[in-house]
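Secondary and tertiary structure notes
For reference, the chains in residue letters:
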Amino acid sequence: MSAFRVALFSRHALRCSRSLSRHYAGLAVPNNRFLWEKAQPTQVFVQQGPARLYSSKDNETPWTDVKYDELKALIKSGHVQLIDVREPEEIASTGLLPGAINIPLGRLHQALNYMSDQAFQSKYQIPQPKKWDNNILLYGQDFDSVRASAALELLHKWGFIKARHYIGGYAEWATKQQS
């Protein structure tokens, strides 16, 4: 089944689209501003949810995901800044991982990007993480927490490119600590 498509191009868009036409099948740009073309239906794949950075091997987890054993070793070494992105009400009923601070997802942007080092230090009792730190670790409540994944994507977007997250969440930590 074919469809008709109409596109209005400015001079700049027309010039750019000519150079890109070899990459997109069916995009033939004439010299006028209106383009009537018979286009073939194409399949579009849209990824929903946070982007995940996977390794080259299919059976490996992404480098951003930290598992329980690695987290335990990081906590023992003391070279990790744990940030719990849950709301304070959730933490009141469960608790925090050892050495973690609570910065809810809604306050993360202000805390990491707009607070001064002194204000952050006085509020959270730890030094403010820097963009080049490789020890920032986020976690949420459950396995592969949506909030922790969203926070990780935001931190990467804000320049904290070495930030990672604990995929098991507080629930896995508590379960494994009791057994």
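Up top is the structure.
Rules used throughout
- Residues numbered from 1 in each chain as written.
- Predicted model: local features only at pLDDT ≥ 70, side-chain atom pairs only at ≥ 80, totals over all residues.
- Heavy atoms only, no water.
- Helix = DSSP H or I, 4+ residues; strand = E, 2+ residues; numbered from the N terminus.
- Buried < 20%, exposed > 50% of the residue type's maximum accessible area, 1.4 Å probe, protein only.
- Contact = heavy atoms within 4.5 Å.
- Areas by Shrake-Rupley, 256 points an atom, 1.4 Å probe, with all protein chains shown as cover.
- Axes fitted to C-alpha atoms, helices over the stretch in contact; angles between N-to-C directions.
- Parallel < 35°, antiparallel > 145°, perpendicular 65-115°, else oblique.
- Nonpolar A, V, L, I, M, F, W, Y, C, P; charged D, E, K, R; others polar.
- Pairing = 2+ DSSP bridges.

Our focus in this paragraph is the overall build of the chain. Each helix and strand in the chain was counted, giving seven helices and seven strands. Going from the N terminus to the C terminus, the chain shows its helices and strands as β-α-β-β-α-β-α-β-α-α-β-α-β-α. A buried classification covers 35% of the 179 residues belonging to the chain. For the chain, contacts bridging at least 24 residues in sequence account for 59% of all contacts bridging at least 6. For the chain, the computed accessible surface area is about 11,900 Å², with 55% contributed by carbon and sulfur atoms.

What follows covers the packing of helix H2 (residues 68-77) against helix H7 (residues 169-178). Two quantities define a packed helix pair, namely the angle between the helix axes and the distance between the axes. Look at H2 against H7: their axes get within 11 Å of each other, and the N-to-C directions meet at 80 degrees. The angle between the axes of H2 and H7 places the two elements in the roughly perpendicular class. Every residue of H7 that contacts H2 at Tyr-68, Leu-71, Lys-72 and Ile-75 is listed here: Glu-172, Trp-173, Lys-176 and Gln-177. Of the residues assigned to the contact of H2 with H7, the class counts are four nonpolar, one polar and three charged.

Another point: the pairing of strand S6 (residues 136-139). Two faces belong to every sheet, and in a regular strand the side chains alternate between them. Burial along S6 is two-sided: the residues Ile-136 and Leu-138 and Leu-137 and Tyr-139 are all buried. As paired strands, strand S4 (residues 81-84) and S6 are joined by four bridges and run parallel to one another. The residue of S6 that forms the bridge with Ile-83 is Leu-138. Across two bridges, S6 lies against strand S7 (residues 164-166) in parallel orientation. Across the sheet, residue Leu-137 finds its bridge partner in S7, namely Arg-164.

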